[in-house]
Amino acid sequence: MIYADNAATTKLSRTALNAMLPFLKELYGNPSSLYSFGQKAKDAVELARENIARCIGGSPREIIFTSGGSEADNQAILSAAAIGRKRGKTHIISDTIEHHAVLHTLKKLEKEGFEVTYLPVDKNGLVRAADVAAAIKDSTCLVTIMYANNEIVTIEPIKEIGEICRKRGVLFHTDAVQAVGHLPINVENDNIDMLSASAHKFHGPKGTGFLYAKKGVALQNLIEGGAQERGKRAGTENVAGIVGMSASLSEAVENMEYNAKKLTALRDRIIKGLSQISHSALNGDERMRLPSNVNFCFEGIEGESLLLLLDDKGICASSGSACTSGSLDPSHVLLSIGRVHDVAHGSLRLSIGEDITEEQADYIIKAVGEVVSHLRGFSPVWRDLISGKREFIL
Ligand SMILES: *Cc1c(COP(=O)(O)O)cnc(C)c1O
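Quick caveat, the model's predicted, so the values are computed rather than measured. (Residues numbered from 1 in each chain as written. Predicted model: local features only at pLDDT ≥ 70, side-chain atom pairs only at ≥ 80, totals over all residues. Heavy atoms only, no water.)

Engineer: Before we go on, may I ask you to explain the site of the ligand in this structure?
Structural biologist: In the vicinity of the ligand lie 13 residues, with S70, D175, Q178, S198 and K201 positioned nearest. S198 is positioned with one of its side-chain polar atoms (N or O) 2.6 Å from an oxygen atom of the ligand. With the chains in place, 87% of the 380 Å² that the ligand exposes on its own is no longer accessible. If you tally residues by element for the shell around the ligand, the top one is helix α3 (residues 69-86), at three residues. (Near = heavy atom within 4 Å. Polar contact = N/O pair within 3.5 Å; in protein donor to acceptor, adjacent residues only side chain to side chain. Areas by Shrake-Rupley, 256 points an atom, 1.4 Å probe, with all protein chains shown as cover. Helix = DSSP H or I, 4+ residues; strand = E, 2+ residues; numbered from the N terminus.)

Put into structure tokens, the structure is as follows:
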């Protein structure tokens, strides 16, 4: 099997697993307990906090452990909204290609009277920093723009946007779930006030993430209860998860340059290969994209059938479309970059892992080519396209 869906989740690294095992077996104490057995768990959590802070250029007190990226996004946005509301500021700026953890939280705030500006992106999925500057008003309490998109993997001009926000005194949050562990990130250099991350996107365990919130940003707790995480996130800590997240982040940061170089070469090999397929197009920016990801649209086919046939050939991939989750709407991200419905339906996202070989990359290219021609062979849309009844878009 070739696993090419690392943007959905990644394999737990051996290093992370080994770091976690003692806390799943013998060191099961509660970090809030006073006896030394519990303190061992507490020490491990605090060591992880220091290490994670170091990896992103923050300080340990600025890290709150969460159940993942979605929770961190919710907490960051709702906290900024609460701070804003207290000051009579109820305007938020975001963009149209955010993850649903951000978009749905913003929708909720709109129902509560907040006004949200969703900035458009260009045809490559880039948010323009100048648009952010132009959209800021006196009433703006938050700008939330993702570090890198999870479908078309475009990397946004975060440092520039952060600089604008800092100058204008507006809080800046970034959903960096796809970026942490894959791109060099420094919250100070990038002018970031709040950042969300998730362990399972960088070979850590599922159900663990963190929120970085700069000193002075008053976080709101989403979960009431005990005084864990300095009262900002109640509930007994997921000790093994936190330790595993820390170990996998260290590993990812250590190997970042090597991995990025290897993945970029193979990614570009796949992009070149798939570009040979007629009436296809790469989605996202050619240059400003994550090293591991390829996203294509193929005219005249359905992304879902493509995925099923690739599965038969032993390839795990995903479609940019939300169809897999039971809705028939094509991806909001692909529509945002200007792909029309029919084209957006024929999309394919391949996110390769560090252990992929050149032979496997070539196998992917060959398999996708075969499956696309096979599906076009009995597609009524394709028949109309080649007979001239319909016009090609790509
Ligand atoms: C995966 C992902 C999330 C959600 O993270 P979970 O840990 O699965 O809750 C949020 N944002 C982006 C960009 C993601 O890729």
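Engineer: Even after reading the chapter, I still don't get helix α6 (residues 158-168), so can you show me in this structure?
Structural biologist: Three or more residues of α6 are buried, namely I158, I161, G162, I164 and C165. Buried residues of α6 fall within an arc of 160° about the axis and therefore sit on the same side. Residues of α6 that are buried make contact with α5 (129-135), β5 (140-144) and β6 (171-175). Positive backbone phi, approximately 70°, marks G169, located one or two places after α6. (Buried < 20%, exposed > 50% of the residue type's maximum accessible area, 1.4 Å probe, protein only. Arc of directions from axis to C-beta. Contact = heavy atoms within 4.5 Å.)

Engineer: I would appreciate a short explanation of the environment of D355 in the present structure.
Structural biologist: Mapped onto the fold, D355 is located in the loop between β12 (347-351) and α12 (358-377). A sequence separation of 328 residues divides D355 from L27, and the C-alpha atoms of the two residues are 32 Å apart. Those residues in contact with D355, other than ones at most four positions away along the chain, are K262 and Q360.

Engineer: Would you mind going over the pairing of strand β4 (residues 115-119) with me for this structure?
Structural biologist: For a regular strand, side-chain orientation follows a simple rule: the groups alternate between the two sheet faces. Sheet topology places strand β3 (residues 91-95) next to β4; five bridges connect them, and they run parallel. Across the sheet, D95 pairs through a bridge with L119, a residue of β4. Note on the crossover from β3 through helix α4 (residues 100-111) to β4: the handedness is right-handed. (Pairing = 2+ DSSP bridges. Right-handed = clockwise from strand over helix to strand, strands pointing away.)

Engineer: What's the story with the nonpolar core in this structure? I'm lost.
Structural biologist: Counting 61 residues, the largest nonpolar core has F65, V143, Y147, I161, V180, L195 and F210 as the members making the most contacts within it. A domain split of this core shows at least three residues from each of domain 1 (14-254) and domain 2 (256-387). What V143 contacts, discounting residues up to four positions off in sequence, is I93, V132, I161, C165, V170, L171, F172 and H173. In this structure, A4, L282, L307 and A361 belong to the second largest nonpolar core, which totals 30 residues. (Core = buried A, V, L, I, M, F, W, Y, C linked by side-chain atoms within 4.5 Å. Domains from an automatic or database assignment.)

Engineer: Is there a simple way to explain the sheet that holds strand β9 (residues 280-282) in this structure?
Structural biologist: Picture the strands of a sheet paired through backbone hydrogen bonds; they go either parallel or antiparallel. Read across the open sheet, the three strands follow the order β9-β10-β12; overall the sheet is antiparallel. Each of the sheet's edge strands pairs with one partner strand only, and the pair in question is β9 and β12. Ignoring which end each strand starts from, the neighbouring axes of this sheet average 20° apart. Direction of pairing for β9 relative to strand β10 (residues 293-298): antiparallel, over a ladder of three bridges. By the bridge assignment, L282 is partnered in β10 with F296. Packing against the sheet, helix α8 (residues 256-275) makes contact with β9, β10 and β12, and its axis sits at approximately 10° to β10. (Axes fitted to C-alpha atoms, helices over the stretch in contact; angles between N-to-C directions.)

Engineer: Is there a simple way to explain the packing of aromatic side chains in this structure?
Structural biologist: Within a pair of aromatic rings, the relevant descriptors are the distance that separates the centres and the angle that separates the planes. For the structure shown, the criterion picks out three aromatic pairs. Relative to F37, the ring of Y28 lies with its centre 5.0 Å away and its plane at 80°, an arrangement referred to as edge-to-face. Ring geometry for W382 against F392: centres 5.5 Å apart, planes inclined by 65°, an arrangement best described as edge-to-face. Of this pair, W382 sits in helix α13 (residues 380-386) while F392 sits in the segment after α13, placing them ten residues apart in sequence. A relative accessible area of 12% means that W382 is categorised as buried. (Phe/Tyr/Trp six-rings, centres within 6.5 Å; stacked < 30°, edge-to-face > 60°.)

Engineer: Sorry if this is basic, but what is going on with the layout of surface pockets here?
Structural biologist: If a probe the size of a water molecule is rolled over the atoms, the empty space left behind becomes visible. By volume, the largest pocket amounts to about 650 Å³. What lines the largest pocket is a set of 28 residues, among which K11, H203, G353, E354 and D355 lie closest to the centre. When residues in the lining of the largest pocket are grouped by element, the largest group, four residues, is from α8. When residues of the lining of the largest pocket are assigned to domains, at least three fall in each of domain 1 (14-254) and domain 2 (256-387). (1 Å grid on protein atoms, 1.4 Å probe; cavity = no way out; pocket = protein on both sides within 12 Å on 5 of 7 lines; lining within 4 Å. Points joined across faces, edges and corners; volume = space filled by probe spheres on them.)

Engineer: Explanation requested: empty space enclosed by the protein in the structure shown.
Structural biologist: According to the stated counting rule, one finds two cavities of 30 Å³ or more in the structure shown. As a volume, the largest cavity reaches approximately 110 Å³. Lining the largest cavity are 15 residues, with N6, H182, K201, S292 and I352 positioned closest to its centre. Across the lining of the largest cavity, the residue classes tally to four nonpolar, nine polar and two charged. When residues of the lining of the largest cavity are sorted by domain, at least three fall in each of domain 1 (14-254) and domain 2 (256-387). Lining the second largest cavity, in full, are H99, M146, A148, N150, D175, V177, Q178 and K201. Counted by class, the lining of the second largest cavity contains three nonpolar, three polar and two charged residues. (Nonpolar A, V, L, I, M, F, W, Y, C, P; charged D, E, K, R; others polar.)

Engineer: Explain the sheet that holds β4 to me, please; I cannot follow it from the model alone.
Structural biologist: Read from one edge to the other, the open sheet built from seven strands follows the order β2-β8-β7-β6-β5-β3-β4, with strand pairing classed as mixed. On the outer flanks of this sheet lie β2 (63-66) and β4, each paired with one strand and no other. Recorded for the sheet is a direction-independent mean angle of 20° between the axes of neighbouring strands. In this structure, β3 lies alongside β5, joined through three bridges in parallel fashion. Note that in β5 the partner of I92 across the bridge is L142. The sheet strands contacting helix α2 (residues 36-56) are β2, β7 (194-198) and β8 (209-213), and the helix crosses β2 at an angle near 115°.

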